[in-house]
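Examining the three-dimensional arrangement
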Amino acid sequence: MATLIDGKAIAAKVRAGVRDGVLALVGSERGGGEPPGLAVVLVGVDPASQIYVRNKGKAAAEVGIKVFDHTLPETTTQAELMALVGRLNEDPRVDGILVQMPLPAHLDAKRVMRAINPWKDVDGFHPQNMGLLALGDPRFVACTPAGVMVLLEEVGCKLAGADAVVIGRSTTVGRPMALLLTAADATVTLCHSKTRDLAAVVGRADIVVAAIGRAELVKGAWIKPGAVVIDVGMNRPAAGAAGGKLCGDVEFAEAEKRASAITPVPGGVGPMTIALLLQNTLTSARRRSDRTR
Ligand code: NAP
């Protein structure tokens, strides 16, 4: 039976480290005595986004990060949103800018993300930060894949030379995940919807990271005995199916019998994403003086 990777406990440890870091920064000359500042921008009334934003704001406040809330109406225009991003870019109290996705359909999310000052891009989605990661010289790394790396490290997973399979090539999870594992000397295969014989590819992996968004697509029987399985997926089946409960991309009950370690859903990767957002915000605050150069 696999060891359960306790994302909640590991995230709590990361958050405690951030809290200590914030205290040290506030007491130091370099930080100018100001706590890190995180601007959280929410446009519209998407219920899931409202919950995410509330949780991020609460977690930030708990570690001493100052939160600047910007909740805008659904009718916000592109020009208004760009103007707000411009103001936050210039605001010295703001170290990190988070624009909650998805944006309402009439807004161009790509343009907004590219307008964020890359030195305040704590989500790590700006092309400059993605480019630096690809070059092996990361500045801000997207929070979910960065969180997965912390989980792998915490369970003592040996990455150098390991065969790692990442399923999903989104710019927010799968792609940066593959780059991080490559940088850690794993041999990485990046799979997607056109991959042939996914079962066979997964069956060769020492490490499997599933970031697909399809409930239990990865079957337990595919997992190589002893593999480490990280399930990024968060799927809420229609009420009635699977009891309407949140589940991952991996068939947990079967995979758990073969893996050496596995993340549960919920309580695995999810808590890490917020913890790494806080960490990135602290890192940004520590770089204040670089930013103003
Ligand atoms: P996404 O942008 O929709 O990307 C999904 C990826 O899965 C795509 O690359 C797609 O391939 C691939 N895919 C779809 N069907 C497949 C199949 N049958 N076989 C192999 N690959 C397939 O999703 P995302 O934003 O990366 O998110 C993935 C999941 O992670 C979602 O459940 C999301 O809710 C969850 N998530 C969790 C957290 C967290 O904090 N825990 C954070 C972010 C995301 P193509 O490129 O070929 O279309």
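Here, every reference points to the structure presented above.
Thresholds, definitions, all that
- Residues numbered from 1 in each chain as written.
- Predicted model: local features only at pLDDT ≥ 70, side-chain atom pairs only at ≥ 80, totals over all residues.
- Heavy atoms only, no water.
- Pairing = 2+ DSSP bridges.
- Helix = DSSP H or I, 4+ residues; strand = E, 2+ residues; numbered from the N terminus.
- Axes fitted to C-alpha atoms, helices over the stretch in contact; angles between N-to-C directions.
- Near = heavy atom within 4 Å.
- Polar contact = N/O pair within 3.5 Å; in protein donor to acceptor, adjacent residues only side chain to side chain.
- Areas by Shrake-Rupley, 256 points an atom, 1.4 Å probe, with all protein chains shown as cover.
- Nonpolar A, V, L, I, M, F, W, Y, C, P; charged D, E, K, R; others polar.
- Disulfide = S-S within 2.5 Å.
- 1 Å grid on protein atoms, 1.4 Å probe; cavity = no way out; pocket = protein on both sides within 12 Å on 5 of 7 lines; lining within 4 Å.
- Points joined across faces, edges and corners; volume = space filled by probe spheres on them.
- Buried < 20%, exposed > 50% of the residue type's maximum accessible area, 1.4 Å probe, protein only.
- Right-handed = clockwise from strand over helix to strand, strands pointing away.
- Core = buried A, V, L, I, M, F, W, Y, C linked by side-chain atoms within 4.5 Å.
- Contact = heavy atoms within 4.5 Å.
- Parallel < 35°, antiparallel > 145°, perpendicular 65-115°, else oblique.
- Left-handed = near helix turned anticlockwise from the far one by under 90°.
- Salt bridge = Lys/Arg side-chain N within 4 Å of Asp/Glu carboxyl O.

**Quick notes on the sheet that holds strand S4 (residues 96-99)**
- Within the open sheet, the 3 strands sit side by side as S3-S2-S4. Their pairing is parallel. Whereas interior strands pair on both sides, the edge strands pair on one side only; in this sheet they are strand S3 (66-72) and S4. Along the sheet, successive strands turn relative to each other by an average axial angle of 15°, direction set aside.
- Sheet topology places strand S2 (residues 37-43) next to S3; 7 bridges connect them, and they run parallel. Bridge pairing links Gly-37 to Lys-66 in S3.

**A look at the site of the ligand**
- Around the ligand there are 21 residues in total, and Arg-169, Ser-170, Ser-193, Met-234 and Thr-273 lie nearest to it.
- Val-232 places a polar main-chain atom, nitrogen or oxygen, 3.5 Å from an oxygen atom of the ligand.
- Between the ligand and Met-234, the relevant distance is 3.0 Å, taken from an oxygen atom to a main-chain nitrogen or oxygen of the residue.
- Protein contact buries 70% of the 930 Å² of open area that the ligand shows by itself.
- Here the residues of the shell around the ligand sort into 8 nonpolar, 11 polar and 2 charged.

**Examining the state of the cysteines**
- Scanning the model with the defined rule gives 0 disulfides in all.
- Between Cys-157, a cysteine without a disulfide, and Cys-191, which holds the nearest cysteine sulfur, the sulfur-to-sulfur distance is 17 Å.

**Focus: empty space enclosed by the protein**
- Per the counting criterion, the structure on display carries 1 cavity of 30 Å³ or more.
- Every residue lining the largest cavity is listed: Ile-97, Val-99, Met-101, Met-113, Ile-116, Asp-121, Asp-123 and Phe-125.

**A closer look at the pairing of strand S5 (residues 163-167)**
- Judged by how many residues are buried, S5 sits mostly within the fold: 4 of 5 residues are covered.
- The pairing of S5 with strand S6 (residues 187-191) spans 5 bridges and is classified as parallel. Looking at the pairing, Asp-163 lines up with Thr-187 of S6.
- For the crossover from S5 across helix H7 (residues 174-183) to S6, the handedness is right-handed.
- Where S5 meets strand S7 (residues 207-210), 4 bridges bridge the pair, whose relative direction is parallel. Directly across from Ile-167, in S7, lies its bridge partner Ala-210.

**A word on the nonpolar core**
- One finds Leu-152, Leu-181, Val-209 and Ile-230 to be the most contacted residues of the largest nonpolar core, which totals 52 residues.
- Leave out the neighbours within four places in its chain, and Ile-230 touches Ile-5, Val-148, Leu-152, Val-208, Val-209, Ala-210, Thr-263 and Val-269.
- By size, the runner-up hydrophobic cluster in this structure holds 18 residues, among which are Ala-2, Ile-167, Val-201 and Ile-262.

**Section: the packing of helix H6 (residues 143-154) against H7**
- One way to put it is that H6 packs onto H7 with a least axis distance of 9 Å and a crossing angle of 40°. As the angle between them shows, H6 and H7 are arranged oblique. Handedness of the H6/H7 crossing: right-handed. Here Pro-145, Ala-146, Val-148, Met-149 and Leu-152 of H6 come into contact with H7, specifically with Pro-176, Met-177, Leu-180 and Leu-181.
- Residues of the contact of H6 with H7, tallied by class, amount to 9 nonpolar, no polar and no charged.

**A few points about the pairing of S2**
- With 7 of 7 residues buried, S2 lies mostly within the body of the structure.
- Between the parallel elements S2 and S3, the chain passes through helix H2 (residues 47-62) in a crossover that is right-handed.
- In the sheet, S2 pairs with S4 via 4 bridges, with the strands oriented parallel. In the sheet register, Leu-38 faces S4, and the bridge partner there is Gly-96.

**Points about the pattern of salt bridges**
- Here the structure, examined in full by the defined rule, presents 6 salt bridges.
- Two residues, Glu-62 and Lys-58, come together in a salt bridge whose shortest N-O distance is 3.8 Å. Here Glu-62 and its partner Lys-58 are both found in helix H2, 4 residues apart, which amounts to about one turn of the helix.
- Judged by its relative accessible area of 54%, Lys-58 falls in the exposed class.
- Across the pair Glu-254 and Lys-257 runs a salt bridge whose closest N-O atoms are separated by 2.9 Å. In this pair, Glu-254 and Lys-257 both sit in helix H9 (residues 252-258), 3 residues apart, roughly one turn of the helix.
- Overall, Glu-254 belongs to the partly exposed group, its relative accessible area being 34%.
- Overall, the relative accessible area of 51% leaves Lys-257 in the exposed class.

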